[in-house]
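Notes for the structure review
Spelled out, the chains give:
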Amino acid sequence: MSKKHQLTVDPSRIRAVLDGQWADYRMNGRAFVDKEHAVLSETGDLEQLRAETLAGVQALIDTGISSLPLPVDQGGQNNHAGYVAAFEELVTAEPSIQIKAGVQFGLFGGALQHLGNAEQHEKWLKPAVRGELLGAFAMTEIGHGSDVASIGTTATYDPETETFIINTPFRAATKEFLGNAAAHGEAAVVFAQLITKGVNHGVHCFFVPIRDGAGGQALPGVTTEDDGRKGGLLGVDNGRLSFDNVRVPRTNLLNRYGDVAADGTYTSDIESPGRRFFTMLGTLVQGRVSLDGASVVAAKLALDIALRYGMQRRQFTGADDDVEEVLLGYQEHQRRLMPLVARVFANATAHDRLLESFQLVFSGEDDSNEARQRLETQAAGFKALSTWDALDTIQECREACGGAGFMWENRLVGLYGDMDVYVTFEGDNTVLLQLVAKRLLSDYAAELKDIDIGGVARYLGTQAAEHSLYRSGLANIGRTIGDIFTPALANKRVRSGHVQQAMLHNRVEVMVADLAGKLRPAATMSQDKAAELFNSVQHQLIEAARAYVEVMKWEALNDAMHAVAERTGHEAEAKLMRRIRDLYGLSLIEEHIGWHIMYGRLSMARARQIGPTIDSLCQKLAANAAELCEAFGYGPQHRRATIAEGIEAERQQEAMDYYRQARARRDFPVDERHLYKARQAQEKKHRR
């Protein structure tokens, strides 16, 4: 592997970029791996793995991490971003513990905290945070996942007994995929249609006891089922819950956004049912935020393992007949892994920006409607792309490690299995991108949420073309592609940040304008025809959303690069960051190069420069692979992969030492290829 392009960089400075503003909390999360019960047994049945995972969650409570987001008067720090940063690093220890802890503190506890009142906090939230009250988050149903507004579970108020009757009216309304439901949960926060005085007021959340103690028998009217073995996260006791006319007191309604008086009168500070519903769900965005960050952690772990192996494993001779080349010395191996390194940097810096938005909203510093919508859009888009990226990265790393990557002891196959469900956790990624697209088309998100799909299409037809581009800040970015990218510019100009920004922005701008134009006729259509039109452009909507999220991630990485460049004495680190930024930006352009050519944004001559420039950047970054691994910030206890800890280098050195000594012996067999070459040379000499 060539050292010609290697930069002398301080890995800790690069690590600061990846770890972001909440680096100290990340370190606390990584340190958990050294605690007792932090790692599950490699073998064991479901019961054993679940018990170990529960012990791990209890050990996590002792670190104080779970109490970070609580208000100061409840023993916390009102530090939501710090909590999430520490929490997502638990992937390095055990994803099952991370997810079970997420169910207990982020979902069950989060619903109590953000939807409940002070009395409910005292009664249920504090025991939940201390691990004394284990709970499930009962939102998803067999028949409805992402479409929460249409769930079938009902909570009908009975004024005579001042109780809500929780009921599962049909099989598809059974609550499904619930962590803590199969074995350990004592209660659940149950999302159901609130019905009182003959009016359905939509989905609300209720505290419902389900067992007579942790691991005890189900209470009367409650049916529990075990989901059994899954493709990953075996330590999490996922299961189903259904209810047969289970009564809970009126005060078990988590009533921050809607309440029912003793006589059955419903009241809410938010008059619009649609806005009330989305406001309530918006308080639960923490799950998407944490999954985004956890996916970044998983991708870094996989790259850490694969890069270390690639720097040690040798295969095939090249310039030297006696010394084989390391895998990372090959161009295609660099092409496989280095763009993924650039992508994980983009995802990490964008996630830090997401944590900023999250902290502002949930700390109360800025919980305006605009700030909440920005957070929800970022969380949906970032989570979608980062979880997909994590799976792609882990799989590519597994393949790049050959058969060794398929061995359980080298972590990658287990990591893939545990991460697989992240792409549908907290909302299927495709559905989340539809949410991003809807908000991209129009800033009038509140109005759009309150109307059906046909109404959305009609509304967009009259409003989107006139307003969306300018209100989203994507129109007229100041310089056209032609202004920046002219044939007279030098070849290295393809690495220009201005060119990358212009091309990435322009693609979104054109896609949104095209969508708005296609939806314009819906303004005069009937509801069914408008819905049909909206459905006909759904794929284009999702692609526009993906392009928009990629722009946001590129900008986060670009800002991080400039921040490093502005620091005195960080010239080498700034140069490395620019290589990473350029590789990410040009990889995005190459991925959609057909679009850029088709729409005249790239000439054929310019387009042909993209690939070789990416090749060059991959080679340059590969020269600093060791420093990049160090910058990830993980040790052997986090990787837990034999091939990443020097054993391959030892094997290779042993082999080279053996052959070097063997060739010095007189009885060392002559390679037939040498004899053949000698004969060929002799025959050629005679022919002359």
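The structure under discussion appears in the preceding block.
The model shown is predicted, which means the values in this text are computed figures rather than measured ones.

**Observations concerning the pairing of strand β5 (residues 187–196)**
- Across the ten residues that make up β5, a large majority, nine, are buried.
- Here strand β1 (residues 135–138) runs beside β5; their pairing, made up of four bridges, is parallel. Counted as the bridge partner of Ala138 is Val190 from β5.
- For strand β2 (residues 154–158) and β5, the ladder comprises three bridges, and the chain directions are parallel. Each bridged residue has a counterpart across the sheet, and for Thr154 the counterpart in β5 is Gln193.
- Where β5 meets strand β6 (residues 199–209), nine bridges bridge the pair, whose relative direction is antiparallel.

**A look at unusual backbone geometry**
- For Asn245, which is not a glycine, the phi torsion comes out positive at approximately 55 degrees.
- Summarising the element assignment, Asn245 is placed in the loop between β8 (239–243) and β9 (246–249).
- The phi angle at Glu426 is positive, at roughly 55 degrees, despite the residue not being glycine.
- Here Glu426 is to be found in the loop between α12 (412–420) and α13 (429–441).
- The exposure class of Glu426 is partly exposed, given its relative accessible area of 27%.

**As for the packing of aromatic side chains**
- According to the stated counting rule, one finds eleven aromatic pairs in the structure shown.
- Ring centres 4.6 Å apart and planes at 40 degrees place the aromatic pair Phe358 and Phe362 in the tilted group. Here Phe358 pairs with Phe362, and both are found in helix α9 (residues 331–362), just four residues apart, close to one helical turn.
- Residue Phe358 is classed as buried on the basis of its relative accessible area, which comes to 0%.
- Following the ring pairs from residue to residue traces out a cluster consisting of Phe108, Trp124 and Phe207.
- Note that Arg372 overlies the ring of Phe362, its terminal NZ or CZ placed 6.0 Å from the centroid.

**Focus: the environment of Met311**
- Tracing the backbone shows Met311 in helix α8 (residues 286–312).
- A relative accessible area of 22% means that Met311 is categorised as partly exposed.
- It is 45 Å that separates the C-alpha atoms of Met311 and Glu176, two residues lying 135 residues apart in sequence.

**Describing the nonpolar core**
- Among the nonpolar cores identified, the biggest contains 147 residues, and Val91, Met338, Phe345, Met577 and Ile580 are the most heavily contacted of them.
- Beyond its immediate stretch of four places on either side in the chain, Phe345 contacts Ile14, Leu18, Leu557, Met577, Ile580 and Leu628.
- One finds Leu112, Leu125, Leu133 and Phe137 within the second-largest nonpolar core, a separate group that totals 28 residues.

**Some points on the sheet that holds strand β4 (residues 175–178)**
- Strand order in the open sheet formed by three strands is β4-β8-β7, and the pairing between neighbours is antiparallel. Edge positions in the sheet fall to β4 and β7 (222–226), since each of these pairs with one other strand and no more. Recorded for the sheet is a direction-independent mean angle of 20 degrees between the axes of neighbouring strands.
- With two bridges connecting them, β4 and β8 associate as antiparallel partners. Across the sheet, the residue bridging to Leu178 is Gly239, located in β8.

Conventions used here
- Residues numbered from 1 in each chain as written.
- Predicted model: local features only at pLDDT ≥ 70, side-chain atom pairs only at ≥ 80, totals over all residues.
- Heavy atoms only, no water.
- Buried < 20%, exposed > 50% of the residue type's maximum accessible area, 1.4 Å probe, protein only.
- Helix = DSSP H or I, 4+ residues; strand = E, 2+ residues; numbered from the N terminus.
- Pairing = 2+ DSSP bridges.
- Phe/Tyr/Trp six-rings, centres within 6.5 Å; stacked < 30°, edge-to-face > 60°.
- Lys NZ or Arg CZ within 6 Å of the ring centre and 35° of its normal.
- Core = buried A, V, L, I, M, F, W, Y, C linked by side-chain atoms within 4.5 Å.
- Contact = heavy atoms within 4.5 Å.
- Axes fitted to C-alpha atoms, helices over the stretch in contact; angles between N-to-C directions.

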